[in-house]
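The primary structure of each chain is shown beneath.
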Amino acid sequence: MSAEKTLILVKPDGVRRGLTGEVISRIESKGYSIEALRMLNADRALLEKHYAEHAGKPFYEPLVEFMMSGPIVAIVATGNRVIEGFRSLAGATDPTVAAPGTIRGDLARDQGTKVVQNIVHGSDSPESAAREISIFFPTN
Ligand code: DAT
Ligand code: MG
């Protein structure tokens, strides 16, 4: 059986703050493998595809703007149950209540912005992982 894959993003706040290495280190320290990695400036069309499930929500436009505010790093990580495992490493969406020990709990906080800035994205199901990987790594 081939190992599961997930799509991880280091968001613009993570890249700006020099936390890309820290995020990669936590992925690798947990024992997952990095299969692909690229830094990019995401455009609106790409982000609208990636965040289609959130279209129409009050934080949608701020989310797209935030994700265009600087470079991001897209990563495909692999390993058994990596989707669930990375979500656990990332912690809760709201960094104020994300558990200490998680990426969001240790490295992020409420910045008073319309959209939550929380360092990382991780796919939440095999279906979203496949869809999101094809958006960021169209040739994989
Ligand atoms: P997650 O990134 O934990 O999967 P999500 O998919 O529900 O969370 O939302 C995508 C991003 O949008 C999330 O990382 C931060 C932001 N966000 C989510 N809910 C929000 C809210 N109620 N207010 C502001 N920003 C929010
Ligand atoms: Mg999500």
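Structural data are supplied above this passage.
About the thresholds
- Within any chain, residue numbers begin from 1 and follow the written order of that chain's sequence.
- Working convention: letters from A go to chains and numbers from 1 go to ligands, in the order in which they are written.
- Note on the predicted model: pLDDT of at least 70 is required for a residue's local features to be given, and 80 or more for side-chain atom pairs to be given and counted; whole-chain, interface and lining totals, by contrast, use all residues.
- With hydrogens and water excluded, all non-hydrogen atoms of the structure serve as input to the side-chain values.
- Labels follow the DSSP assignment, with helices taken as runs of H or I lasting at least four residues and strands as runs of E lasting at least two, numbered in each case from the N terminus.
- Throughout, exposure labels follow a simple rule: accessible area from a 1.4 Å probe, protein chains only, divided by the maximum for the residue type, with under 20% read as buried, over 50% as exposed, and the rest as partly exposed.
- Should any heavy atoms of two residues lie within 4.5 Å, those residues are considered in contact.
- Working definition of accessibility: Shrake-Rupley area with a 1.4 Å probe, residue cover restricted to the visible protein chains.
- Here the positive residues are Lys and Arg and the negative ones are Asp and Glu; neither His nor the chain ends is included.
- Think of each charge as sitting on NZ of Lys, CZ of Arg, CG of Asp or CD of Glu.
- With a 1 Å grid spanning the protein atoms alone, the term cavity applies to any set of points in which a 1.4 Å probe fits but cannot get out, the term pocket to an open set with protein on both sides within 12 Å along at least five of seven lines, and the term lining residue to any residue with an atom within 4 Å of a point.
- Grid points are joined across faces, edges and corners, and a volume is the space filled by probe spheres set on the points.
- Side-chain classes follow a simple rule in which Ala, Val, Leu, Ile, Met, Phe, Trp, Tyr, Cys and Pro form the nonpolar group, Asp, Glu, Lys and Arg form the charged group, and the remainder, Gly included, forms the polar group.
- Think of the arc as the fan of directions from the helix axis to the C-beta atoms.
- Between any two strands, at least two bridges found by DSSP are needed for them to pair.
- Under this scheme, a helix contributes an axis fitted over its contacting stretch, all axes are lines through C-alpha atoms, and angles between N-to-C directions fall in the 0 to 180 degree range.
- Proximity is defined per residue: any heavy atom of the residue falling within 4 Å of a molecule or strand makes that residue near it.
- Here a polar contact is recorded for every N or O atom pair within 3.5 Å, except that within protein the pair must consist of a potential hydrogen donor and a potential acceptor, and residues adjacent in sequence are included only if both atoms are side-chain atoms.
- Each molecule is assigned to a cavity or pocket provided more than half of its atoms lie within 2 Å of the corresponding grid points.

K.L.:
How should the overall build of the protein chain be read in this particular structure?
P.N.:
Counting secondary structure elements, the protein chain contains seven helices and four strands. Each helix and strand of the protein chain, placed in order from N terminus to C terminus, yields the pattern β-α-α-β-α-α-β-α-α-β-α. Counting only C-alpha atoms, the protein chain reaches 40 × 35 × 25 Å along its principal axes. Buried residues in the protein chain amount to 50% of all 140 residues. Sequence separation of at least 24 residues holds for 75% of the intrachain contacts in the protein chain that already meet a minimum separation of 6. Working note: accessible area of the protein chain is about 7100 Å², and carbon and sulfur atoms make up 51% of it. The distance from the centre of the 16 positive side-chain charges to the centre of the 17 negative ones in the protein chain is 2 Å.

K.L.:
Just checking my understanding: could you explain the layout of surface pockets for this structure?
P.N.:
If a probe the size of a water molecule is rolled over the atoms, the empty space left behind becomes visible. Each pocket or cavity is described by its volume, and for the largest pocket that value is around 370 Å³. Taken together, 19 residues make up the lining of the largest pocket; nearest its centre are K11, Y51, H54, T93 and R104. Residue classes in the lining of the largest pocket are distributed as five nonpolar, seven polar and seven charged.

K.L.:
Sorry, what's going on with helix 5 (residues 82-90) here?
P.N.:
Because each turn of an α-helix spans 3.6 residues, side chains separated by three or four positions end up pointing in the same direction. All of the buried residues in helix 5 are V82, I83, G85, F86, L89 and A90. In a view along the axis of helix 5, the buried residues occupy a sector of 165°, so they form one face of it. At its buried positions, helix 5 is contacted by strand 1 (5-10), helix 2 (20-30), strand 3 (72-78), helix 6 (103-107), strand 4 (120-122) and helix 7 (126-136). Note on helix 5: the residue one or two positions beyond its end, G91, has a positive phi of about 90°.

K.L.:
I would appreciate a short explanation of the sheet that holds strand 1 in the present structure.
P.N.:
Through backbone hydrogen bonds, the strands of a sheet pair up, either in parallel or in antiparallel fashion. Across the sheet, four strands lie side by side as 2-3-1-4; this open sheet has antiparallel pairing. Every interior strand has two partners, whereas the edge strands, strand 2 (33-40) and strand 4, have only one. Neighbour-to-neighbour, the strand axes of this sheet turn through a mean angle of 20°, independent of strand direction. Inspection of the sheet shows strand 2 paired to strand 3 by seven bridges, in the antiparallel sense.

K.L.:
When you look at the pairing of strand 1 in this model, what are you seeing that I'm missing?
P.N.:
Regular strands place side chains that alternate from one sheet face to the opposite one. Judged by how many residues are buried, strand 1 sits mostly within the fold: five of six residues are covered. Note: strand 1 against strand 4, three bridges, orientation antiparallel. When the bridges of strand 4 are listed, V10 appears paired with V120.

K.L.:
Any chance you could explain the site of ligand 1 here in plain terms?
P.N.:
Around ligand 1, a shell composed of K11, H54, F59, L63, R87, T93, R104, K114, V115, V116 and N118 is seen. At 3.0 Å, a side-chain N or O of K11 approaches an oxygen atom of ligand 1. A distance of 2.9 Å separates an oxygen atom of ligand 1 from a polar atom in the side chain of N118. Across the complex, the protein chains shield 75% of the 520 Å² of accessible surface that ligand 1 would expose by itself. The cavity that encloses ligand 1 is the largest pocket.

Interpretation note: all reported values are geometric properties and have no functional meaning in isolation.
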